[in-house]
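# Reading the structure
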Amino acid sequence: MRLALAIASFVVLIVHGVVFYDQFFYRWERHQTAYFEQARSLSKNERERAELDARSPRIEQTIVTSFGDTRVDRCTTCHIASDDPRFAGHAQPLKSHPYSAAMGDVQRNGRWERRHKFSDFGCTVCHDGQGRGLETKYSHGEDEFWPEPLTGYVTQATWRKDFAAKLKGNTYMEANCAQCHTAEDFAGTPSVNRGRKLFYAMNCYGCHKIDGMSEGTLGPDLTEAGKKFKIDYLWESIVEPRANLASSFMPKFNLAERDVRALVVFLKSRRGVNFAETSLDRYKAHVENVAVVIPPGTAGEKAGEQLITDRACTACHKLGDRDGGIAPDLSYEGLIRDNLWLMDHFTNPRSRVPDSIMPTFRFPGEDFERITAYLGTLKTPPPAMPPADTYKTLCARCHGEKGDGEGKVAWYLDPAPRDLTKVGFMNSKPRERFVASIQEGVAGTSMPSWKNALKPEQVNGVLSYVLTTFTKEPSREIKPHNVPDQNPVASSATSIQHGEAIFLERCTGCHGRKADGKGPNSLDITPKPRNLRNAAFVASVNDRRLFDGILYGVQGTAMPSWIDYGLSKNDVGDIVNFIRSINQKKGSQQNAGQ
Amino acid sequence: MSTLLPETKPEKGAWSALKEMPSNVWSSIFRNPLPSTDLERASTSFTNFFLHIHPVKVHKNTLRPIYTMGLGLISLFLFFILVATGILLMFYYVPSTTQAYDRMLDLRGTVAFGIFLRNMHRWSAHGMVAIVFLHMCRVFLTGAYKKPREFNWVLGVLLLLVTLFLSFTGYLLPWDQLAFWAITVGSSIAGYAPLIGQQMKFVLLGDTTVGQEALLRFYVLHVAVLPSVLVLLIAIHFWRIRKDGGLSRPEQPQCETAVVKMTLEPAKKKVYGLQGFVRGPFTKVGNVPDDSVYAWPNLLLAELFVFVLTVSLILLVSLAFNAPLEEPVNVMHPPNPAKAPWYFLGLQEMVSYSAFWGGIGIPGLMVALLLIVPYIDRGTKGVGRWFAKERLLANTIFLTLVILNVIFIIIGTFFRGPNWAFVSPF
């Protein structure tokens, strides 16, 4: 016991020694001592030598209060020669900071004067890193947790090896320059300027919001991206959008490395309130919807085709052999959509497909016209081929290879493509309805009209293929229900009111209180309940189909037969009037205005 | 001055007074010389303020390392380290959301021994939670909570809870991402309590979310309120050990006759002082045949050894591993997954199955069960032995619960990735 006690005590003693050594012998002291010695040998001035002799190592620090939160920069504790021109040729940390005319430094009487004095700016305002640190690892931010490692010099161990090397270079420091030099054409920040242009040119603004620049809502708000994310995260998110969030539908833009870097620098410079503005300026930018002005793209013969490439349409859409895998195929656009539809859809996608996620791009009108004109020329119908191949070429992208409605882009379409394997639905509808859906399209959805692209026998062929391959069961002969062709109840305020009351009582569980198809039960239901505010769709459906659907239910969906739950024909008439009324409001107001 | 030594008469004046001063001062403080007889050994224990907490004699069983494993003592010494390092850290810390993190950086970079103090404090805190828990396991598995030690067991359970809460409140103070989100998760678990959950959370945080108010409250709880409560409870815990007749030990029938003889005989002759009325088993002095040894030096040496061992371990760990310090708090950017401190990860894992039962129901039941277990399990058999056969049922139930909890903690710590999905750490 006593021996063990003695050994343990000895350990304590040793550890104390190690701790004392560890805590009291700093590397920076050695750097400072080396500096004093070398400066003394370089000095030709007796007084300066005496001063250097008298100096002993101590922590040097600059307290910077002019730029955001108070910064305590102790960098000059090691980099003690940073302002001593005699040390220009030395190795770090005893190298003096270079002078540069581009940075605004001026030479007077053979001596350089800095534009950005260290006493005013400190170090971390430009370089990032941890100002309070006194150990290389911490002060340079090499530990994985420091949010702002030394920009352009240090990569953290957790950063991805395949592009970590690309994250070095003083280009990245421009993000810090741009905190004060906010002019869009400031010569000192070419990458930021280029990144800002790319942010518009590559349509980033369509999905992402940056206060005062854009108002997209599909992607994350990037107003403070530079504050929240490190450059490796930004790079990764652009190059490989799904690396961080598997469900991200941000397209892969396949940008050149130079462009990625410019975007990263630009995004790194977005930190909410920058040094050049007050929080009031920021608020104003937030409140005023700054209209994005995109300069017109190429004009001339092939302008439309060129614009499709320039504006990165194929980052989402398919055209020829380029396929973004998010949005519909444009290859037969001239056959399936007319120019009016295209122009309407460009200026506001939701005017034609109310639940479309396509951003409203702010291209100048002539750009849209040129793209529309080009798309209108895509009138080559698909070659004649067996129905199975026709299905694969035209339908599978949305309805899926297996006809289950899980095509490549189905996730991004609302309403979702029909599940063609759902027997209950597929075999309860007359063949004419499917033919009509294919030939005329379904209004208010992504299903276009194929009548110009496919001959009637081709349509029939594809339909037969679908019914035999996916649905498999033969069509059931449905006894015609006793439903009126026209709504017998005249639309009136009382009728609409009564219809709304029934709707709120019976229908909101699935169709939602706003009738937008997003009721609480809708999460568990496939196919999803209809969005009854989809005006284009509602207008395309006649009263007979509405009556039939409500009174006798829709087979193969969650819509029950309401006649079994006590709804009379008059009740349904009121509901139909209500549904029609919420979809006509806008139009009638417009009419009233005209 | 030294009243105990009558042979030293006041002699010729100032010079000899000066000469004898060191020994006089010494003997005035430590009234006994280093003991060489049993009487002196006994009086060493009861004349010294710091030693009189010890009994004069302790049972040999108490000193068997394999019996107690010194777990209670280790907890105490860790607490001493925590108090010492904690007070030093208080000189540098500011409980302000704008300054706390900067102070951590200062501790790491500029303050002499700063990082080392923080390491010691951090690792001792984790160690104390673990050791207090193990101490409880030891007491249960040796059946030491049985009559007459029931209440001391209850105190012990309370001590465990206070220790957990102390560690939890300290977790927030660095004000980094780790702290912020761990406390956010931890306090949300408290919010699942029925009826008063949300109010309790609000009182604890002083706000609906973790912020400046929460930081200040946690700080005050951590440095003032909870340590005081802990010290008080520890004092009672120790006092009860003495009053309950020392540490538990296996029953020894031949010893009991001696006790009976001893208590009966003087009762006929002697007039009792006030102390004589104190009931309960009392310490035996004299040539009673039993298995006890003198506290000085046996117990003292054992304690010293445990102390030195604890300190050296903590020093070594603190030298080798730095206490984690993550990014400064970013309320908008939660880590995925956000995890509570490790000792609450078992709870968080259970919460992922059911918010109420995992966070409040089951832990509440467990604590309640722990508190009343000595009043349910009234058998007197199997005290003072590890895994006594007579206590097979109780030990099995206890061990099952402990192992379940440990498994949950391990799953929560190592096997849970983003969105609390199961991941393999290998």
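Residues numbered from 1 in each chain as written. Chains lettered and ligands numbered in written order. Predicted model: local features only at pLDDT ≥ 70, side-chain atom pairs only at ≥ 80, totals over all residues. Heavy atoms only, no water.

A tally of regular secondary structure across chain A gives 27 helices and 8 strands. For the C-alpha atoms alone, the extent of chain A along its principal axes is close to 110 × 85 × 55 Å. In chain A, the proportion of contacts linking residues at least 24 apart, taken out of those at least 6 apart, comes to 56%. Carbon and sulfur atoms form 54% of the exposed surface of chain A, whose accessible area is close to 31600 Å². (Helix = DSSP H or I, 4+ residues; strand = E, 2+ residues; numbered from the N terminus. Contact = heavy atoms within 4.5 Å. Areas by Shrake-Rupley, 256 points an atom, 1.4 Å probe, with all protein chains shown as cover.)

All names here are of chain A. Enumeration over the complete set of coordinates arrives at 3 cavities of 30 Å³ or more. Within this model, the largest cavity holds a volume of roughly 80 Å³. Along the walls of the largest cavity sit D128, P147, E148, P149, L150, T151, G152, V154, W159, K230, I231 and K268, which together make up its complete lining. Taken together, the residues that form the lining of the largest cavity break down as 6 nonpolar, 2 polar and 4 charged. Here the lining of the largest cavity spans two domains, and each of domain 1 (60-97 + 118-150) and domain 2 (161-287) adds at least three residues to it. Reported here for the second largest cavity is a volume of approximately 50 Å³. Together, Q179, I210, T223, S269, R270, R271, G272, N274 and R282 line the second largest cavity. (1 Å grid on protein atoms, 1.4 Å probe; cavity = no way out; pocket = protein on both sides within 12 Å on 5 of 7 lines; lining within 4 Å. Points joined across faces, edges and corners; volume = space filled by probe spheres on them. Nonpolar A, V, L, I, M, F, W, Y, C, P; charged D, E, K, R; others polar. Domains from an automatic or database assignment.)

Before going further, it helps to examine the environment of D244(B). Mapped onto the secondary structure, D244(B) falls in the loop between α12 (212-243) and α13 (253-269). Given a relative accessible area of 7%, D244(B) falls into the buried group. (Buried < 20%, exposed > 50% of the residue type's maximum accessible area, 1.4 Å probe, protein only.)

On to the interface of chain A and chain B, then. With 29 residues of chain A in contact, the opposing surface of chain B contributes 32 residues. Buried surface at the junction of chain A and chain B, both sides included, amounts to about 2700 Å², of which 72% is carbon and sulfur. Summed over the three residues of chain A that lose the most area to chain B, namely L5(A), R132(A) and F145(A), the buried surface amounts to 22% of that side. One can count 4 salt bridges joining chain A with chain B. (Buried area = accessible area lost by both parts, 1.4 Å probe. Salt bridge = Lys/Arg side-chain N within 4 Å of Asp/Glu carboxyl O.)

As a further point, take the nonpolar core. W153(B), L172(B), V210(B), F218(B), L230(B) and F398(B) are the most contacted members of the largest nonpolar core, which totals 89 residues. Discounting residues that sit within four places of it in the chain, F398(B) has contacts with M136(B), C137(B), F140(B), L141(B) and L370(B). (Core = buried A, V, L, I, M, F, W, Y, C linked by side-chain atoms within 4.5 Å.)

With that out of the way, let us pick up the packing of aromatic side chains. Residue and element names in this part refer to chain A. Under the criterion given, the structure shown has 44 aromatic pairs over all chains. For the pair Y99 and W112, a centre-to-centre distance of 5.7 Å together with 20° between the ring planes defines the contact as stacked. Linking Y99 in the loop between β2 (71-73) and β3 (106-108) with W112 in strand β4 (residues 111-113), this pair joins segments that are 13 residues apart in sequence. For Y99, a relative accessible area of 21% translates into the label partly exposed. Between the aromatic rings of F199 and Y200, the centroid separation amounts to 5.9 Å while the plane-to-plane angle is 65°, which identifies the pairing as edge-to-face. With respect to class, F199 is no different from Y200; both count as buried. Joined through ring pairs, the aromatic side chains of F199, Y200, Y205, F266, F346, F361, F363 and F368 make up one cluster. Its end group placed over the ring of F425, K429 keeps NZ or CZ at 4.7 Å from the ring centre. (Phe/Tyr/Trp six-rings, centres within 6.5 Å; stacked < 30°, edge-to-face > 60°. Lys NZ or Arg CZ within 6 Å of the ring centre and 35° of its normal.)

Below, the discussion takes up the pattern of salt bridges. For the coordinates displayed, the defined rule picks out 39 salt bridges over all chains. With its nearest N and O atoms 2.7 Å apart, the salt bridge here joins D323(A) to K408(A). Here D323(A) is found in strand β8 (residues 322-323), whereas its partner K408(A) is found in the loop between α19 (387-399) and α20 (423-426), with 85 residues between them in sequence. According to the relative accessible area criterion, K408(A) is exposed, its value standing at 52%. Put simply, E349(B) and R416(B) hold a salt bridge, and the shortest N to O gap is 2.7 Å. Residue E349(B) is found in helix α15 (residues 345-351), and its partner R416(B) is found in the segment after α17 (392-414); the two are separated by 67 residues along the sequence. Look at R416(B) and you get buried, because its relative accessible area is 14%. Via salt bridges that share partners, R74(A), R132(A), D102(B) and D106(B) belong to a single interconnected network.

Before going further, it helps to spend a moment on helix α13 (residues 257-268) of chain A. Residues and elements named next belong to chain A. The terminal C-alpha atoms of α13, which comprises 12 residues, lie 16 Å apart, in line with the 16 Å expected from a rise of 1.5 Å per residue. The element α13 is extensively covered by neighbouring structure, given that 10 of its 12 residues are classed as buried. Among the residues of α13, D259, V260, R261, A262, L263, V264, V265, F266, L267 and K268 are the ones counted as buried. Among the structural elements, α8 (174-177), α9 (190-201), β5 (209-210), α11 (225-228) and α12 (231-239) are those in contact with the buried residues of α13. (Expected span 1.5 Å × (residues − 1).)

Looking now at the domain arrangement of chain A. Residues and elements named next belong to chain A. Domains assigned within chain A are domain 1 (60-97 + 118-150), domain 2 (161-287), domain 3 (303-376), domain 4 (387-471) and domain 5 (493-593). The distance between the C-alpha centroids of domain 2 and domain 3 comes to 26 Å. In this assembly, 12 residues from domain 2 lie in contact with 11 residues from domain 3. Around 970 Å² of area is buried between domain 2 and domain 3 when both sides are counted, 62% of it from carbon and sulfur atoms.

With that out of the way, let us pick up unusual backbone geometry. P415(A) follows D414(A) through a cis peptide bond whose omega is 0°. With respect to the helices, strands and loops of the structure, P415(A) is situated in the loop between α19 and α20. Following N336(B), the chain continues to P337(B) via a peptide bond in cis, the omega torsion being 0°. Tracing the backbone through its elements, the reader meets P337(B) in the loop between α14 (295-320) and α15. Look at W175(B): it is not a glycine, yet its phi comes out positive at around 55°. As for its placement among the helices and strands, W175(B) is situated in the loop between α9 (150-172) and α10 (177-191). One non-glycine residue with positive phi stands out, namely L195(B), at about 60°. Structurally, the position occupied by L195(B) is in the loop between α10 and α11 (197-205).

Residues and elements named next belong to chain A. Chain-level statistics for chain A give a pLDDT mean of 87 and a share of 97% at 70 or above. Per-element mean pLDDT across chain A ranges from 74 in helix α27 (residues 569-593) up to 94 in α13. Taken as a whole, residues 587-594 scores under 50 in pLDDT and shows 0 contacts with residues more than four places along the chain or in a different chain. (pLDDT = per-residue confidence, 0-100.)

A separate point is the environment of C78(A). Residue and element names in this part refer to chain A. Mapped onto the fold, C78 is located in the loop between β2 and β3. In the structure, C78 is positioned 16 residues away from L94 in sequence and 7.4 Å away in space, judged by C-alpha atoms. When near neighbours in sequence (up to four residues on either side) are disregarded, C78 contacts W28, H31, P93 and L94.

Turning our eyes to something else, we now look at a nonpolar patch on the surface. Residues and elements named next belong to chain B. Taken together, F151, L232, I236, W239, L369, I372, Y375 and I376 make up a surface patch of nonpolar side chains, about 790 Å² in accessible area. For the nonpolar patch, the secondary-structure elements that each account for two or more residues are α12 and α16 (355-376). The greatest single-element share of the nonpolar patch, amounting to 4 residues, is contributed by α16. If you trace the backbone, I372 turns up in helix α16. (Patch = residues over 30% accessible without salt bridge, like charges linked within 9 Å, V, L, I, M, F, W, Y side chains within 5 Å.)

Residue and element names in this part refer to chain A. The N-to-C vectors of helix α17 (residues 339-347) and helix α18 (residues 365-376) enclose an angle of 140°; their axes lie 10 Å apart at closest approach. The handedness of the crossing between α17 and α18 is right-handed. Mapping the contact onto sequence places N339, L342, M343 and F346 in α17 and F368, E369, I371, T372, L375 and G376 in α18. Taken together, the residues of the contact of α17 with α18 sort by class into 6 nonpolar, 3 polar and 1 charged. (Axes fitted to C-alpha atoms, helices over the stretch in contact; angles between N-to-C directions. Left-handed = near helix turned anticlockwise from the far one by under 90°.)

Another point: the packing of helix α8 (residues 114-141) of chain B against α9(B). All names here are of chain B. Running from amino to carboxyl end, α8 crosses α9 at an angle of 160°, the nearest separation of the two axes being 10 Å. On the basis of their axis angle, the class for α8 and α9 is roughly antiparallel. Crossing hand, α8 versus α9: left-handed. Listed contacts from α9 to R122, A125, H126, M128, V129, V132, F133, M136, V139 and F140 of α8 are W153, L160, T163, L164, S167 and Y171. (Parallel < 35°, antiparallel > 145°, perpendicular 65-115°, else oblique.)

This next bit is on the environment of L82(B). Residue and element names in this part refer to chain B. Mapping L82 onto the fold places it in helix α6 (residues 71-90). L82 sits in the buried class, given a relative accessible area of 12%. In contact with L82, other than residues within four places in its own chain, are I87, H121, S124, A125 and M128.

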